[in-house]
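Single-letter residue listing:
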Amino acid sequence: MPLKIDFHVHTYYSYDSFIAPSELVEYAKKCGLDGVAVTDHDRIDGALKIAKKYSGKNGLLIIPGVEITSRNGHILALNIQKPIPPCLSVQETLELIHAQNGIAVAAHPNAIYHGQLEKRMLSRFDAIEVINASTFPFKFAAYINRKIAISFNLAQLAGTDAHYAPEIGYAYTLVNAEPNVGDIMEAIRKRETEAYGKPIPVKIRLEKVILDLKRKISKG
Ligand SMILES: [Zn+2]
Ligand SMILES: [Zn+2]
């Protein structure tokens, strides 16, 4: 049985997410996920804490990761332990991820079609997020991303990019691996992954927009 994994979730360690670690675990289990990569914006400390506290308990694996703000778009780093600074070039960011033996993923790479993420860098990634449940227009992005994955021989991953717990579950990756982080990373290296998912429904997106507004108002 392949594992079902969401490779892109933000917790409240990201300035813009509402998801508490306990909620992340609760919703992931409810959706039948075997694992979740915690990928907060430009910080690894929360993901490491959550992995230490929850990974392997109740049958859920937590993969520590980061969504790095490079100078040319967002890059997911999976299975890393040390922080990587933001605002570096794509090349420098990829070198730092690989120096930690991490996996580098082009996140919701519509930046590519705007010409931001240079095409010549793509072959240096390990994977591309072909499905991101928060992306709009969803189908078009998934179509283009699949084409890129095939032409650059990248593993195809899916993630929700959830910032609000009910968004979890709308995208997942099937991974042919044993249930441990090392084996999952190996399966990505072997390109043994399949991306699935659908866009997050409008109702849930609206609920999140309202929460965002409330937070902005309360902060004045
Ligand atoms: Zn992003
Ligand atoms: Zn994100």
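Everything that follows concerns the structure shown earlier in this document.
Residues numbered from 1 in each chain as written. Chains lettered and ligands numbered in written order. Predicted model: local features only at pLDDT ≥ 70, side-chain atom pairs only at ≥ 80, totals over all residues. Heavy atoms only, no water.

Q: Got a minute to help me understand the nonpolar core in this structure?
A: Note on soluble globular proteins: their nonpolar side chains tend to be buried together. Ranked by internal contacts, the top residues of the largest apolar core, which has 49 residues, are L24, I62, I97, F125 and I131. Each residue touching I62, except ones within four places of it in the same chain, is listed here: L24, V36, V38, I50, A51, Y54, S55 and V181. Counting residues in hydrophobic clusters, the runner-up holds 21 residues, among them I5, A37, I63 and A127. (Core = buried A, V, L, I, M, F, W, Y, C linked by side-chain atoms within 4.5 Å. Buried < 20%, exposed > 50% of the residue type's maximum accessible area, 1.4 Å probe, protein only. Contact = heavy atoms within 4.5 Å.)

Q: Just checking my understanding: could you explain the coordination of the zinc ion (ligand 1) for this structure?
A: Tetrahedral coordination by four donors sets the ideal angle at the metal to 109.5 degrees; octahedral coordination by six donors sets it to 90 or 180 degrees. Each protein donor to the zinc ion (ligand 1) is listed here as E67 (OE), H74 (ND1) and H108 (NE2); together their distances run 2.0 to 2.1 Å. Look at where the donors of the zinc ion (ligand 1) fall in the sequence and you get E-x6-H-x33-H. In this structure, the zinc ion (ligand 1) lies 3.6 Å from the zinc ion (ligand 2), and both are coordinated by E67. Of the two residues, H74 is situated in strand β4 (residues 73-78) and H108 in the loop between β5 (103-106) and α4 (110-113); the sequence distance between them amounts to 34 residues. (Donors = N, O, S within 2.8 Å, 3.2 Å for Na, K, Ca; no water. Helix = DSSP H or I, 4+ residues; strand = E, 2+ residues; numbered from the N terminus.)

Q: How do you make sense of the layout of surface pockets when you look at a structure like this?
A: The rolling of a water-molecule-sized probe over the atoms marks out the regions of remaining empty space. For the largest pocket, the calculated volume is near 150 Å³. Residue composition of the lining of the largest pocket, grouped by class: one nonpolar, nine polar and three charged. (1 Å grid on protein atoms, 1.4 Å probe; cavity = no way out; pocket = protein on both sides within 12 Å on 5 of 7 lines; lining within 4 Å. Points joined across faces, edges and corners; volume = space filled by probe spheres on them. Nonpolar A, V, L, I, M, F, W, Y, C, P; charged D, E, K, R; others polar.)

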